[in-house]
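A structural walkthrough
Single-letter residue listing:
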Amino acid sequence: AQTVTQSQPEMSVQEAETVTLSCTYDTSENNYYLFWYKQPPSRQMILVIRQEAYKQQNATENRFSVNFQKAAKSFSLKISDSQLGDTAMYFCAFMKLRNYGQNFVFGPGTRLSVLP
Amino acid sequence: DVKVTQSSRYLVKRTGEKVFLECVQDMDHENMFWYRQDPGLGLRLIYFSYDVKMKEKGDIPEGYSVSREKKERFSLILESASTNQTSMYLCASREVTNEKLFFGSGTQLSVL
């Protein structure tokens, strides 16, 4: 079974600074996706960034980028120029490909606070 | 934008009651999911459905059942609510082309 670990339950960062959230996963699969989801205080979970395992290039979405190390099974999220609106729970998630339907496996989450 | 709507934001029920949590999506997605979110445990899959009337157990199905009579609606049923089912429940639907999950705003259920 796949597992996803986020070793940092809570983190804080000053506004405008950079922060990195770590994620490791365990799988024997070769083809899969990795995700970072954000859950702000409004509870609405939204996708931040996605990485396909077959792609060597790290995904980037504006101020958000990942460091994907397939051999090490590591998938960290870097947030640059942190903003107050980045305050949220961040969940790392793994998805393997199946014939029908998919199951996403989520980590326990990291609570990020951006301080003014 | 895809919209996933959960019928209740907060719900308080008594032990032994039958509880229905409703979820509706408006984008014709085939796959829908029910997750339970607890502090320190992340999201755990209860059930998912890959088509109308088709369902599959997730990691923690005990004490729950689901119903999917129409494509847009996926219901989670607690047959006899217990205090250990107090939790946040999140519904999601999956967009295949982008491998993206769209979530509802969650239902915080308290069982007293």
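What comes next concerns the included structure. The shown structure was predicted, so the numbers you read here are calculated from the model rather than taken from an experiment.

A word on the overall build of chain B. Looking only at helices and strands, one finds zero helices and 12 strands in chain B. Beginning at the N terminus, the succession of helices and strands in chain B can be written as β-β-β-β-β-β-β-β-β-β-β-β. Judged by the C-alpha coordinates and their principal axes, chain B covers about 40 × 30 × 25 Å. By the burial criterion, 51% of the 112 residues in chain B qualify as buried. A separation of at least 24 residues holds for 54% of the contacts in chain B among residues at least 6 apart in sequence. Summed over its atoms, the accessible surface of chain B is roughly 5,300 Å², and 49% of this surface lies on carbon and sulfur atoms. One way to put it: in chain B the 16 positive side-chain charges average out to a point 5 Å from where the 16 negative ones average out.

We now examine the nonpolar core. Residues and elements named next belong to chain A. Judged by nonpolar contacts, the single largest core of 26 residues is most densely connected at Tyr25, Trp36, Phe75, Leu77 and Tyr90. The set of elements that each furnish at least two residues to this core consists of strand E3 (19–21), strand E5 (32–39), strand E6 (46–52), strand E8 (64–69), strand E9 (74–79), strand E10 (88–96) and strand E12 (110–115). Per-element accounting of this core gives the leading share, four residues, to E10. When residues no more than four places from it in sequence are discounted, the contact partners of Phe75 are Cys23, Tyr25, Leu34, Phe35, Trp36, Gln51, Val66, Asn67, Phe68 and Cys92.

Below, the discussion takes up the state of the cysteines. Residues and elements named next belong to chain A. Within this structure, the stated rule accounts for two disulfides over all chains. Residue pairing for Cys23: its cysteine sulfur links by disulfide to Cys92, the two sulfurs lying 2.0 Å apart. Measuring handedness by torsion sign, the sulfur bridge of Cys23 and Cys92 sits at about -70° and is left-handed. Separated by 69 residues along the polypeptide, Cys23 in the loop between E3 and strand E4 (24–26) and Cys92 in strand E10 bring together distant segments of the chain.

So, about unusual backbone geometry. Residues and elements named next belong to chain A. Backbone geometry at Lys73 places phi at a positive 55°, although glycine is not the residue there. You can see Lys73 is positioned in the loop between E8 and E9. In this structure, Asp81 is a non-glycine residue whose phi angle is positive, near 50°. Within the secondary structure layout, Asp81 lies in the loop between E9 and E10.

Moving on, we get to the interface of chain B and chain A. With 28 residues of chain B at the interface, the matching set in chain A holds 22 residues. In total, about 2,000 Å² of surface goes out of reach between chain B and chain A, with carbon and sulfur atoms giving 50% of it. Of all residues in chain B, the largest losses of buried area upon contact with chain A belong to Leu43, Glu99 and Phe103 of chain B, amounting jointly to 26% of the total for that side. For the pair chain B and chain A, the interface holds eight residue pairs in polar contact (both at pLDDT 80 or more). Per-element tally for the side of chain B that touches chain A: the top contributor is strand E6 (residues 42–51) of chain B, with five residues. In terms of residue class, the side of chain B that touches chain A is made up of 12 nonpolar, 10 polar and six charged.

The next point concerns the side chain of Ser65 of chain A. Among the secondary structure elements, Ser65 of chain A is positioned in strand E8. Discounting chain neighbours no more than four positions away, the residues touching Ser65 of chain A are Ile49, Ala59, Thr60, Ser76, Leu77 and Lys78 of chain A.

Rules used in this analysis
Residues numbered from 1 in each chain as written. Chains lettered and ligands numbered in written order. Predicted model: local features only at pLDDT ≥ 70, side-chain atom pairs only at ≥ 80, totals over all residues. Heavy atoms only, no water. Helix = DSSP H or I, 4+ residues; strand = E, 2+ residues; numbered from the N terminus. Buried < 20%, exposed > 50% of the residue type's maximum accessible area, 1.4 Å probe, protein only. Contact = heavy atoms within 4.5 Å. Areas by Shrake-Rupley, 256 points an atom, 1.4 Å probe, with all protein chains shown as cover. Lys, Arg positive; Asp, Glu negative; His and termini not counted. Charge placed at Lys NZ, Arg CZ, Asp CG, Glu CD. Core = buried A, V, L, I, M, F, W, Y, C linked by side-chain atoms within 4.5 Å. Disulfide = S-S within 2.5 Å. Buried area = accessible area lost by both parts, 1.4 Å probe. Polar contact = N/O pair within 3.5 Å; in protein donor to acceptor, adjacent residues only side chain to side chain. Nonpolar A, V, L, I, M, F, W, Y, C, P; charged D, E, K, R; others polar.

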